[in-house]
Amino acid sequence: MSSIDRSQEVGVTRSYEIRTYGCQMNVHDSERLAGLLEDAGYVRAPEGSDGDADVVVFNTCAVRENADNRLYGNLGHLAPKKAKRPGMQIAVGGCLAQKDRDTIVKKAPWVDVVFGTHNIGKLPVLLERARVQEEAQVEIAESLEAFPSTLPTRRESAYAAWVSISVGCNNTCTFCIVPALRGKEKDRRPGDILAEVEALVGEGVSEITLLGQNVNAYGSDIGDREAFSKLLRACGNIEGLERVRFTSPHPRDFTDDVIAAMAETPNVMPQLHMPLQSGSDSVLKAMRRSYRQERYLGIIEKVRSAIPHAAITTDIIVGFPGETEEDFEQTLHVVREARFAQAFTFQYSKRPGTPAAEMENQIPKEVVQARYERLVALQEEISWEENKKQVGRTLELMVAEGEGRKDGATHRLSGRAPDNRLVHFTKPEEDVRPGDVVTVEVTYAAPHHLLAEGPVLEVRRTRAGDAWEKRTAAEAAKPAGVMLGLPKIGVPEPLPAAAGSGCGCG
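A quick note: this is a predicted structure, and the numbers were derived from the prediction, not measured.

> What's the story with the overall build of the protein chain in this structure? I'm lost.
Counting its secondary structure elements, the protein chain contains 16 helices and 21 strands. Expressed as a percentage of its 506 residues, the buried residues of the protein chain come to 58%. Here the contacts in the protein chain between residues at least 6 apart in sequence split such that 75% fall between residues at least 24 apart. Roughly 21200 Å² of accessible area belongs to the protein chain as shown, and the carbon and sulfur atoms make up 51% of that amount.

Here's what the structure looks like:
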């Protein structure tokens, strides 16, 4: 049976699978791609399908090392599956698609659709066009056609959600290709953002993460330098919204009014992820980062003065071209002074298309590795010391789904503290659902998590827990093979330290 015949067969429901790589922007874009496909009548393939869906979509990243090799390896793995399954389609989107365009189809001619970061809304149309015309469709928009939050979205969590406030970036960091792929910053109107947040809260969401490539630069496109702090304060007035987070801010745009808004808005959480990248002023200059060590540490001091229990995390690149031992020691100095709760560390590697890739004095791999190991060892020590200070504290945790890989064996559940620390706690006798809130006392600290081994002090059932329960019941009732599942990707919480918090370009 031909692909045209199969796709037109009455009663056939086509399944889809989305594979996401890269930063939080890509994760949220994948939620939109899922919403678009389900709006077009597709259903999510069962978890673990491994390429057995009718449509497999790769949402790619161009920032990670060897991103293209990884993509072509995965595409090669699917080629024989597609050859055996008439009607199967493969689509490639995201930053690597925006960058490589026609190259993807040349290297992998079995790909049906290539689309960019600016036109994700076209995916269902492009899939249908490829099916009808029986040839690959490559469509890369050069600029944003419509703000993507206007698209249907299939949220991966019933209790926590991303909310984009801007797309694109106006910075010119020499190690980063993102501005070339996602374009100049475009801000959403505050009213549209708040309307989306209110709608999410109405559906049961109790935690939102405001998302932007350079989130605290929000307002530069609409001509209001205090727009971000005003947005934080406005979120504080939304009844039922318990937790507000944001990622990732740039030190250049971190102003006193933002710190005041964080400190004075009760539902803005005492947590800050602010990329450092390097502690050396000369390296920061070579990176075209528009701040220096003194400015960065000054922000940390102001945040800690206003919010004493704030947990501060960061991104650091080791081995940038020209980095000397003295430069690296400056990074270690900032780490000691800032006392980060966590640091997401990256070994510098060349990214084609970036100015840094053409710089002289590229650092030998073995030197980068040695410095990286020294940095990780120092940060592990600091993380553990900072976590030990949490022992004895009573914390309110939002119960999380899929956070504790050993929870089943240890009879524990896991949750996030207000400062976003991960806490594993003893499972209470009464039913507790993701999105509910428990009160516990911390009894033990490890470098990357806390334990509350005593009994749970209080359980508060929430609308977010109700929403999770309702959604889970609805999905469990779907026929076998159409189960949408609740994949663990996409809930806005930090990745493990070894993996990094995003693309490292914040």
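Structure's up, so let's keep going.
> So what exactly am I meant to see when it comes to the pattern of salt bridges here?
Pairing between side chains of opposite charge can happen when the charged atoms of each approach one another. Within this structure, the stated rule accounts for 30 salt bridges. Residue lysine 302 is joined to aspartate 256 by a salt bridge in which the shortest nitrogen-to-oxygen separation is 3.0 Å. Here lysine 302 is found in helix α12 (residues 293-306), whereas its partner aspartate 256 is found in helix α10 (residues 256-264), with 46 residues between them in sequence. Residue lysine 302 is classed as partly exposed on the basis of its relative accessible area, which comes to 40%. Residues participating in the shared-partner salt-bridge network are Glu323, Glu325, Glu329, Arg371 and Arg374.

> Looking at this structure, I do not really get the packing of helix α13 (residues 325-338) against helix α14 (residues 365-388). What am I missing?
The geometry of a pair of packed helices is captured by two quantities: the angle between their axes and the separation between those axes. Close contact between α13 and α14 brings their axes to 10 Å; oriented N to C, the two are set at 10 degrees. Considered as vectors, α13 and α14 are oriented roughly parallel to each other. Both α13 and α14 take part in a crossing whose hand is right-handed. Touching Glu325, Phe328, Glu329, Leu332, Val335 and Arg336 of α13 are Arg371, Arg374, Leu375, Leu378, Gln379 and Ile382, all from α14. Looking at the contact of α13 with α14, its residues break down into 6 nonpolar, 1 polar and 5 charged.

> What is the right way to read helix α6 (residues 123-133) from this model?
Owing to its 3.6 residues per turn, the α-helix brings residues three or four apart onto one side. Within the span of α6, buried status applies to Leu123, Pro124, Leu126, Leu127, Ala130 and Arg131. With its buried residues spanning 165 degrees around the axis, α6 presents them on a single face. Taken from the residues just after α6, glutamate 134 is the one with a positive phi, measuring 55 degrees.

> What is the right way to read the packing of helix α9 (residues 227-235) against α10 from this model?
α10 packs onto α9 with a crossing angle of 5 degrees between their chain directions and a minimal axis gap of 8 Å. The angle between α9 and α10 falls in the class roughly parallel. Of the residues in α10, those in contact with Phe228, Ser229, Leu232 and Arg233 of α9 are Asp257, Val258, Ala260, Ala261, Met262 and Glu264. Here the residues of the contact of α9 with α10 are counted per class, giving 6 nonpolar, 1 polar and 3 charged.

> Looking at this structure, I do not really get the sheet that holds strand β12 (residues 271-273). What am I missing?
Sheet strands associate in pairs through backbone hydrogen bonding, adopting either a parallel or an antiparallel arrangement. Across the sheet, which stays open at both edges, the 3 strands sit in the order β12-β13-β14 with parallel pairing between neighbours. Looking at the sheet topology across the chains shown, the edges are occupied by β12 and β14 (342-347). Adjacent strand axes in the sheet meet at a mean angle of 10 degrees when their direction is disregarded. Of the pairings in the sheet, the one linking strand β13 (residues 311-318) to β14 comprises 6 bridges and is parallel in character. Across the sheet, the residue bridging to isoleucine 317 is phenylalanine 346, located in β14. Contacts from α14 reach β13 and β14, with the element oriented near 175 degrees to β14.

> For this particular structure, what's the right way to read the sheet that holds strand β11 (residues 243-247)?
An order of β7-β10-β11 is seen for the 3 strands of this open sheet, with the pairing classed as parallel. Sheet topology places β7 (160-164) and β11 at the edges, where each strand pairs with a single neighbour. Across the sheet, the axes of successive neighbouring strands diverge by a mean angle of 25 degrees, strand direction being ignored. Pairing analysis gives 5 bridges linking strand β10 (residues 207-211) to β11, with the strands arranged parallel. Looking at β11, one finds that glutamate 207 is bridged to arginine 243. Packed on one face of the sheet, helix α2 (residues 24-39) meets β7, β10 and β11 and runs near 100 degrees to β7.

> Mind showing me how you'd approach the environment of glycine 402 here?
For glycine 402, the location among the structural elements is in the loop between β15 (394-399) and α15 (407-410). Glycine 402 gets classed as partly exposed once you look at its relative accessible area, which sits at 41%. When the C-alpha positions of glycine 402 and proline 434 are compared, they lie 9.3 Å apart, and in sequence the two are 32 residues distant.

> It is not clear to me how the state of the cysteines should be interpreted in this structure. Could you clarify?
What the rule picks out here adds up to 0 disulfides. Unpaired in this structure, cysteine 95 has its nearest cysteine sulfur neighbour in cysteine 61, at a distance of 6.2 Å.

> Just to check I follow, could you spell out the pairing of strand β1 (residues 15-20) for this structure?
The two faces of the sheet receive side chains in turn, since in a regular strand these alternate between them. In terms of burial, β1 is a largely internal element, 5 of the 6 residues being buried. Inspection of the sheet shows β1 paired to strand β2 (residues 43-44) by 2 bridges, in the parallel sense. Bridge assignment links tyrosine 16 to a residue of β2, and that residue is arginine 44. Handedness of the crossover joining β1 and β2 through α2: right-handed. Two elements, β1 and strand β3 (residues 55-60), share 5 bridges in a ladder whose sense is parallel. In the sheet register, tyrosine 16 faces β3, and the bridge partner there is valine 55.

> I would appreciate a short explanation of the pairing of β15 in the present structure.
Note that β15 and strand β18 (residues 437-441) share 5 bridges and pair antiparallel. From the neighbouring strand, glutamate 396 faces β18, where its bridge partner is threonine 439. Sheet topology places β15 next to strand β16 (residues 412-416); 2 bridges connect them, and they run antiparallel. Residue valine 399 lies in a different strand from β16, and its bridge partner there is glycine 415.

> Would you mind showing me how to read the packing of aromatic side chains here?
In this description, an aromatic ring pair is defined by two values, namely the gap between the centres and the angle between the planes. Going through the model one piece at a time under the given rule, you end up with 4 aromatic pairs. Ring geometry for phenylalanine 228 versus phenylalanine 246: centroids 5.1 Å apart, planes at 85 degrees, classification edge-to-face. Taken together, the positions of phenylalanine 228 in helix α9 and phenylalanine 246 in strand β11 put the pair 18 residues apart, joining distant regions of the chain. The exposure class assigned to phenylalanine 228 is buried, which follows from its relative accessible area of 2%. With centroids separated by 6.2 Å and ring planes inclined at 40 degrees, the aromatic side chains of tyrosine 291 and tyrosine 296 adopt a geometry described as tilted. Tyrosine 296 carries the same exposure label as tyrosine 291, and that label is buried.

What counts and how
- Residues numbered from 1 in each chain as written.
- Predicted model: local features only at pLDDT ≥ 70, side-chain atom pairs only at ≥ 80, totals over all residues.
- Heavy atoms only, no water.
- Helix = DSSP H or I, 4+ residues; strand = E, 2+ residues; numbered from the N terminus.
- Buried < 20%, exposed > 50% of the residue type's maximum accessible area, 1.4 Å probe, protein only.
- Contact = heavy atoms within 4.5 Å.
- Areas by Shrake-Rupley, 256 points an atom, 1.4 Å probe, with all protein chains shown as cover.
- Salt bridge = Lys/Arg side-chain N within 4 Å of Asp/Glu carboxyl O.
- Axes fitted to C-alpha atoms, helices over the stretch in contact; angles between N-to-C directions.
- Parallel < 35°, antiparallel > 145°, perpendicular 65-115°, else oblique.
- Left-handed = near helix turned anticlockwise from the far one by under 90°.
- Nonpolar A, V, L, I, M, F, W, Y, C, P; charged D, E, K, R; others polar.
- Arc of directions from axis to C-beta.
- Pairing = 2+ DSSP bridges.
- Disulfide = S-S within 2.5 Å.
- Right-handed = clockwise from strand over helix to strand, strands pointing away.
- Phe/Tyr/Trp six-rings, centres within 6.5 Å; stacked < 30°, edge-to-face > 60°.

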